[in-house]
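Each chain, written out:
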Amino acid sequence: MLLVKSWFYIAGLLGLTGTALGAYGAHGLASSGTSESLVSAFNTGVQYQFYHALALLLMVLALRVKSLKTLHLAAGFFTLGSLLFSGSIYALVLLGTKGIGFVTPLGGVCFMAGWVCVLLAGRAWLRSDF
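Bear in mind that the values here come from a model prediction, so they are computed numbers and not experimental data.

A. A look at the overall build of the protein. Within the protein, the regular secondary structure consists of 4 helices and 0 strands. Listing the helices and strands of the protein from first to last along the sequence gives α-α-α-α. C-alpha extents for the protein along the principal axes are approximately 55 × 25 × 20 Å. The proportion of buried residues among the 130 residues of the protein is 37%. Residue pairs at least 24 apart in sequence account for 74% of intrachain contacts in the protein once pairs closer than 6 positions are excluded. Only carbon and sulfur atoms are counted for the fraction: they give 71% of the accessible area of the protein, which is about 7,500 Å².

B. Focus on the packing of aromatic side chains. The final tally for this structure, using the stated rule, is 7 aromatic pairs. Measuring from centroid to centroid gives 4.8 Å for Phe78 and Trp115, while their planes differ by 50°, and the two rings are tilted. Here Phe78, found in helix H3 (residues 69-95), pairs with Trp115, found in helix H4 (residues 103-127); they are 37 residues apart in sequence, far enough to count as distant. Since its relative accessible area comes to 42%, Trp115 is described here as partly exposed.

C. Layout of the environment of Gly108. One can find Gly108 in helix H4. Since its relative accessible area comes to 17%, Gly108 is described here as buried. Each C-alpha atom, one on Gly108 and one on Tyr48, is 9.4 Å from the other, the two residues being 60 residues apart in sequence.

D. Representation of the packing of H3 against H4 in the model. Contact geometry of H3 with H4 gives a least axis separation of 7 Å together with a crossing angle of 160°. Here H3 is positioned roughly antiparallel relative to H4, judged by the angle of their axes. Along this stretch, H3 crosses H4, giving a crossing that reads as left-handed. Of the residues that constitute the contact of H3 with H4, the class distribution is 20 nonpolar, 8 polar and no charged.

E. How the structure looks around the packing of helix H2 (residues 36-65) against H4. One way to put it is that H2 packs onto H4 with a least axis distance of 12 Å and a crossing angle of 25°. With respect to each other, H2 and H4 are oriented roughly parallel. Both H2 and H4 take part in a crossing whose hand is left-handed. Contact with H2, carried on its side by Tyr48, His52, Ala55, Met59, Ala62 and Val65, involves Phe111, Trp115, Val118 and Trp125 of H4 and no other residues of that element. Across the contact of H2 with H4, the residue classes tally to 9 nonpolar, 1 polar and no charged.

F. Broad picture of the side chain of Thr79. Within the fold, Thr79 resides in helix H3. Looking at Thr79, the relative accessible area reads 12%, which means it is buried.

G. Representation of the nonpolar core within the structure. Trp7, Leu56, Met59 and Leu71 are the most contacted members of the largest nonpolar core, which has 18 residues in total. Going through the elements one at a time, helix H1 (2-29), H2, H3 and H4 are the ones with two or more residues in this core. In terms of residue count, H2 provides more of this core than any other element does, 7 residues in total. Listed in part, the 9 residues of the second largest apolar core include Val39, Val46, Tyr90 and Val93.

What counts as what
- Residues numbered from 1 in each chain as written.
- Predicted model: local features only at pLDDT ≥ 70, side-chain atom pairs only at ≥ 80, totals over all residues.
- Heavy atoms only, no water.
- Helix = DSSP H or I, 4+ residues; strand = E, 2+ residues; numbered from the N terminus.
- Buried < 20%, exposed > 50% of the residue type's maximum accessible area, 1.4 Å probe, protein only.
- Contact = heavy atoms within 4.5 Å.
- Areas by Shrake-Rupley, 256 points an atom, 1.4 Å probe, with all protein chains shown as cover.
- Phe/Tyr/Trp six-rings, centres within 6.5 Å; stacked < 30°, edge-to-face > 60°.
- Axes fitted to C-alpha atoms, helices over the stretch in contact; angles between N-to-C directions.
- Parallel < 35°, antiparallel > 145°, perpendicular 65-115°, else oblique.
- Left-handed = near helix turned anticlockwise from the far one by under 90°.
- Nonpolar A, V, L, I, M, F, W, Y, C, P; charged D, E, K, R; others polar.
- Core = buried A, V, L, I, M, F, W, Y, C linked by side-chain atoms within 4.5 Å.

What follows is the structure, given as structure tokens:
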């Protein structure tokens with residue numbers, strides 16, 4: 001149960017920081033003379049962070065009903081994917097860090113692995129009789 005509570009807090013943290021970064025991207029970044037393509041990339045990072053914060057929150061709710069290892073794995077992959085995918089985009093835009101661009105696709109792979117875990121959890125869930 002402790003791990004489920006941790007996922008809950010992480011989902012809240014990802015949602016909170018996604019909101020703050022989204023506001024910064026819409027107001028601060030756009031008015032600072034940052035190129036339109038970088039603002040667009042930043043907004044992509046924010047969108048994916050939000051999608052996966054919500055997915056993580058759904059994993060928490062599902063784990064409250066039935067604790068499955070694949071749901072925990074999905075939660076972990078969604079968290080890691082947010083850090084790698086969105087974090088690397090934020091670093092690129094805000095810090096000009098181009099040397100870590102290879103991390104972005106790894107984050108995308110983590111997102112996909114999380115969704116595969118959701119599929120596997122759904123399969124196990126539908127086969128059980130709870």
